[in-house]
Amino acid sequence: DPFWVPPLPVLMAAPVLVDCHCHLTNERFAPDLEAVLARAERAGVRALLVCSASQAGIREVCALRRRFPDRIFPCLGLHPLALDGLFDASSWEETRRLILKEHASGGVM
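Being a predicted model, the structure only gives us computed values, none of them experimental.

What about helix H3 (residues 55-67)?
Thought 1: Between its terminal C-alpha atoms H3 stretches 19 Å, which fits the 18 Å expected from 13 residues at 1.5 Å a residue.
Thought 2: Buried within H3 we find Gly57, Ile58, Val61, Cys62, Leu64 and Arg65. Considered in projection along H3, the buried side chains sweep an arc of 160° and stay on one side of the axis.
Thought 3: Contacts made by the buried residues of H3 are with helix H2 (33-42), strand S2 (45-51), strand S3 (72-75) and helix H4 (89-104).

Take a look at the structure:
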């Protein structure tokens with residue numbers, strides 16, 4: 001049953017946490033990303049929604065999902081401050097294509 005929920009005592013004994021907004025593609029995490037994920041796991045974090053802010057970020061988040069498919073879940077989009085005022089119709093079409101491609105592969109819920 002996909003909607004099965006464990007009894008409350010089980011949930012209380014082993015809480016499952018989800019980080020619903022993180023930027024693990026930031027260069028600060030690159031040297032020890034696996035250690036960061038291991039610390040999150042030890043703290044009870046079982047899933048991480050990793051956000052993008054730019055087209056390059058969309059590609060990076062998707063690559064990270066492919067590396068850690070059971071832990072990383074993409075939250076794909078753009079942030080106005082990451083656009084540098086250079087966003088036109090063709091940029092939007094490329095962004096849309098990237099997001100739809102990832103969605104079609106099952107990487108975006």
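Additional details are given in the paragraphs that follow.
Here we look at the nonpolar core
Thought 1: Ranked by size, the top nonpolar core spans 17 residues in total, and within it Leu24, Leu37, Leu48, Val50, Leu64 and Ile72 carry the most contacts.
Thought 2: Put simply, the parts of the chain that give this core at least two residues each are H2, S2 and H3.

As for the pairing of strand S1 (residues 17-22)
Thought 1: Relative to S2, S1 is paired through 4 bridges, and the arrangement is parallel. For Val18, the partnering residue across the bridge sits in S2 and is Ala47.
Thought 2: As for the winding sense of the linkage, the β-α-β connection from S1 through H2 to S2 is right-handed.

Conventions adopted
Residues numbered from 1 in each chain as written. Predicted model: local features only at pLDDT ≥ 70, side-chain atom pairs only at ≥ 80, totals over all residues. Heavy atoms only, no water. Helix = DSSP H or I, 4+ residues; strand = E, 2+ residues; numbered from the N terminus. Expected span 1.5 Å × (residues − 1). Buried < 20%, exposed > 50% of the residue type's maximum accessible area, 1.4 Å probe, protein only. Arc of directions from axis to C-beta. Contact = heavy atoms within 4.5 Å. Core = buried A, V, L, I, M, F, W, Y, C linked by side-chain atoms within 4.5 Å. Pairing = 2+ DSSP bridges. Right-handed = clockwise from strand over helix to strand, strands pointing away.

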